[in-house]
Amino acid sequence: LARLQAAHEVTVANPRVAEQRDAFFEALPRAQGLIGSSYRIDAPLLAQAPALRVISSISVGIDNYELPALRERGVMLCHTPGVLTETTADTLFALIMATSRRLVELAALVREGRWHKNIDESLFGWDVHGKTLGIVGFGRIGQALARRAALGFGMPVLFHNRSAVNVNEELPALAGLARQVSLDELLAQADIVALTVPLTDETRGLMNAERFAAMKPGAMLVNGSRGGVVDEAALLASLDSGRLRGAGLDVFATEPLPLDSPLRTHPRVTPLPHIGSATHETRHAMAVLATSNLLQALAGQTPAATVR
Ligand code: 8YV
């Protein structure tokens, strides 16, 4: 990346890190290429980068990029789909297990020296195997999660997807194990609801008070998509009412999660710091793909992972 930066006036958009923020905005006017991830790239920022030709995002999600502004300026956007699918699905299933079996809470009990006697019913978790999993958004990650649940844990899978999916033809390994249903049917029948939709105008606030009220009493939610898909006030109300048994959250409306957010310490919430793809292997693969995308684009080619 250093060679790339030297050769092509490339800058890395990671202004969350204060000392990098100044360097980022100093380099931006000269940048022809930009390596991004979760920073908001919108029209005002692009106006500061007249030389910018390509953005290569180290992420599969692209909700932080203002696509019309990119198109208007002819800036190509590439991302890293595919290389993080399995890892992110692993994380989501780990979140299902951790939330169902209260693993984080019970590990803390041991760590804090509060394990004095056999664990009683007040600390029991719930089974995962055999429970019905409802997956909202059936793209690569949703399908990978379905394979883990259906093939590994005997869980019937319901999924809701914007477009029709012919499981028998497209996903034969899941034939007879995963069924496409309406969102209402999914919420009414699923013991565990997993969100794997991209954040769009259609999905923002999807899980609102009405949808939480439509969930099966005692159900659980896990979110590995984007925090903006969930109305967090409605989530908290559903947890506090006891209707929702628990929530495993890897993403939040505001990240890092504010210290005063009730979600950070809620007893029924298992929080993770947006680590869906955060393994050594996968983040390396994402960086390699993002660098390759940038090199191709700066050489005048159109990488396969270009956002259309
Ligand atoms: C990214 C993600 O690593 O790929 C995505 O969309 O949310 C994560 O896997 C994160 O955006 C940081 O780059």
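Residues numbered from 1 in each chain as written. Predicted model: local features only at pLDDT ≥ 70, side-chain atom pairs only at ≥ 80, totals over all residues. Heavy atoms only, no water.

For the chain, the name recorded in an unreviewed UniProt entry is D-glycerate dehydrogenase, with Aquincola tertiaricarbonis as its organism.

> Any chance you could explain the pairing of strand S6 (residues 157–160) here in plain terms?
Sheet faces and side chains relate simply in a regular strand, where the side chains alternate between the two faces. In this structure, strand S5 (residues 133–136) lies alongside S6, joined through four bridges in parallel fashion. Each bridged residue has a counterpart across the sheet, and for glycine 134 the counterpart in S6 is leucine 158. Crossover handedness for the path S5 to helix H7 (residues 140–153) to S6: right-handed. As judged from the three bridges shared by S6 and strand S7 (residues 178–180), these two strands associate in the parallel manner. Directly across from valine 157, in S7, lies its bridge partner alanine 178. (Pairing = 2+ DSSP bridges. Helix = DSSP H or I, 4+ residues; strand = E, 2+ residues; numbered from the N terminus. Right-handed = clockwise from strand over helix to strand, strands pointing away.)

> Sorry if this is basic, but what is going on with a nonpolar patch on the surface here?
A surface patch of nonpolar side chains, amounting to about 410 Å² of accessible area, comprises Val110, Trp115, Ile119 and Phe124. What makes tryptophan 115 exposed here is its relative accessible area of 55%. (Patch = residues over 30% accessible without salt bridge, like charges linked within 9 Å, V, L, I, M, F, W, Y side chains within 5 Å. Areas by Shrake-Rupley, 256 points an atom, 1.4 Å probe, with all protein chains shown as cover. Salt bridge = Lys/Arg side-chain N within 4 Å of Asp/Glu carboxyl O. Buried < 20%, exposed > 50% of the residue type's maximum accessible area, 1.4 Å probe, protein only.)

> I'm lost on the pattern of salt bridges in this one. Help?
Where charged atoms of side chains with opposite charge meet at close range, the side chains can pair. Across all of its chains, the model carries nine salt bridges by this definition. The salt bridge partner of glutamate 86 is arginine 148, with a shortest N-O separation of 2.6 Å. With a gap of 62 residues between them, glutamate 86 in helix H5 (residues 85–100) and arginine 148 in helix H7 connect regions that are remote in the sequence. The class of glutamate 86 is partly exposed, set by a relative accessible area of 38%. Aspartate 90 serves as the salt-bridge partner of arginine 148, at 2.8 Å between the closest nitrogen and oxygen. Placement of arginine 148 in helix H7 and of aspartate 90 in helix H5 is noted, with a sequence separation of 58 residues between them.

> Could you clarify how one ought to interpret the site of the ligand in this entry?
In the region of the ligand, the neighbouring residues are Ser37, Ile58, Ser59, Val60, Gly61, Leu84, Arg226, His274, Ser277, Arg283 and Met286. At 2.6 Å from an oxygen atom of the ligand is found a side-chain nitrogen or oxygen belonging to serine 277. Protein contacts shield 88% of the accessible area of the ligand, which totals 320 Å² for the unbound molecule. Its residues assigned to classes, the shell around the ligand comprises four nonpolar, five polar and two charged. (Near = heavy atom within 4 Å. Polar contact = N/O pair within 3.5 Å; in protein donor to acceptor, adjacent residues only side chain to side chain. Nonpolar A, V, L, I, M, F, W, Y, C, P; charged D, E, K, R; others polar.)

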